[in-house]
Amino acid sequence: MLPRTYESQNCSVARALEVVGDRWTLLIIRSAFEGVRRFDDLQDALGIARNVLTDRLTRLCAEGVLRRVRYQERPDRFEYRLTRKGVELWPAVMSLLLWGDRHYAPDGPPVIVAHRGCGGRLTARLACDACGAALGPGDVEAHRGPGG
């Protein structure tokens, strides 16, 4: 098993990987950007084991990337919302998505990220290819792409 820490590395990339450096963690964050917030919905969307999801959510909350918010009492039920720190991961997640589209989507992107304002597509510069506006997570919506 690979270690979760990179204590011998004096590197910000290594420090960031300690928090988000496994596939389940990034997929949970991606799902949070898509509006999936509840445990059962995350499990269904990702096909992840309950114990693994619990571990990753606990870690993301401890790191301040997500926050746990009660939405029901008796029984207590919680959802997981991105914090400001979590929202700051949007450029990294979108860059990975676009990189994956370029190199691993032979039938076209599975998902198109489009500007809500005009329908233009997200570019690698995190701007709209139609109107040039700088885009953030609240400015876009996802649609099924040709490879989806």
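1. Structural notes on the layout of surface pockets
Quantified by volume, the largest pocket comes out at close to 730 Å³. Lining the largest pocket are 28 residues, with Arg30, Glu34, Val93, Met94 and Leu97 positioned closest to its centre. Among the elements of the structure, helix H2 (23–33), strand S2 (77–82), helix H6 (90–104), strand S3 (111–115) and strand S4 (140–144) are those that each provide at least two residues to the lining of the largest pocket. The element that contributes the greatest number of residues to the lining of the largest pocket is H6, accounting for seven residues.

2. Brief notes about the state of the cysteines
Scanning the entire structure with this criterion turns up zero disulfides. The cysteine Cys118 is free of any disulfide, with Cys128 supplying the nearest cysteine sulfur at 3.4 Å. Note on Cys118: relative accessible area 41%, which makes it partly exposed.

3. Regarding a nonpolar patch on the surface
Together, Tyr6, Val13 and Leu17 give the surface a local cluster of nonpolar side chains, amounting to about 260 Å² of exposed area. Tracing the chain through its elements places Val13 in helix H1 (residues 12–20).

4. Concerning the packing of helix H3 (residues 39–46) against helix H4 (residues 50–62)
The contact between H3 and H4 brings their axes to 11 Å, and the two run at 120°. By the angle between their directions, the pair H3 and H4 is classed as oblique. Both H3 and H4 take part in a crossing whose hand is right-handed. In contact with Phe39, Asp40, Leu42 and Gln43 of H3, H4 contributes Arg50, Leu53, Thr54 and Leu57. Of the residues contributing to the contact of H3 with H4, the split by class is four nonpolar, two polar and two charged.

5. A look at H3
Three or four residues apart is the spacing at which side chains of an α-helix point the same way, because the helix has 3.6 residues per turn. All buried positions along H3 are accounted for by Phe39, Leu42, Gln43 and Leu46. One face of H3 carries all of its buried residues, which in axial projection span an arc of 100°. At the C-terminal side of H3, Gly47 shows a positive phi close to 70°.

6. Structural notes on the confidence of the model for the chain
Looking at the chain, the pLDDT average stands at 94 and 97% of residues meet or exceed 70. The secondary structure element of the chain with the lowest average pLDDT is H1, at 91, and the one with the highest is helix H5 (residues 84–87), at 98.

7. Remarks on the pattern of salt bridges
Scanning the entire structure with this criterion turns up eleven salt bridges. The partner of Glu141 in a salt bridge is Arg116, with the nearest N and O atoms 3.4 Å apart. Linking Glu141 in strand S4 with Arg116 in the loop between S3 and S4, this pair joins segments that are 25 residues apart in sequence. For Glu141, a relative accessible area of 30% corresponds to the partly exposed category. The network of salt bridges with shared partners includes Asp22, Asp55, Arg56 and Arg59.

Rules used throughout
- Residues numbered from 1 in each chain as written.
- Predicted model: local features only at pLDDT ≥ 70, side-chain atom pairs only at ≥ 80, totals over all residues.
- Heavy atoms only, no water.
- 1 Å grid on protein atoms, 1.4 Å probe; cavity = no way out; pocket = protein on both sides within 12 Å on 5 of 7 lines; lining within 4 Å.
- Points joined across faces, edges and corners; volume = space filled by probe spheres on them.
- Helix = DSSP H or I, 4+ residues; strand = E, 2+ residues; numbered from the N terminus.
- Disulfide = S-S within 2.5 Å.
- Buried < 20%, exposed > 50% of the residue type's maximum accessible area, 1.4 Å probe, protein only.
- Patch = residues over 30% accessible without salt bridge, like charges linked within 9 Å, V, L, I, M, F, W, Y side chains within 5 Å.
- Areas by Shrake-Rupley, 256 points an atom, 1.4 Å probe, with all protein chains shown as cover.
- Salt bridge = Lys/Arg side-chain N within 4 Å of Asp/Glu carboxyl O.
- Axes fitted to C-alpha atoms, helices over the stretch in contact; angles between N-to-C directions.
- Parallel < 35°, antiparallel > 145°, perpendicular 65-115°, else oblique.
- Left-handed = near helix turned anticlockwise from the far one by under 90°.
- Contact = heavy atoms within 4.5 Å.
- Nonpolar A, V, L, I, M, F, W, Y, C, P; charged D, E, K, R; others polar.
- Arc of directions from axis to C-beta.
- pLDDT = per-residue confidence, 0-100.

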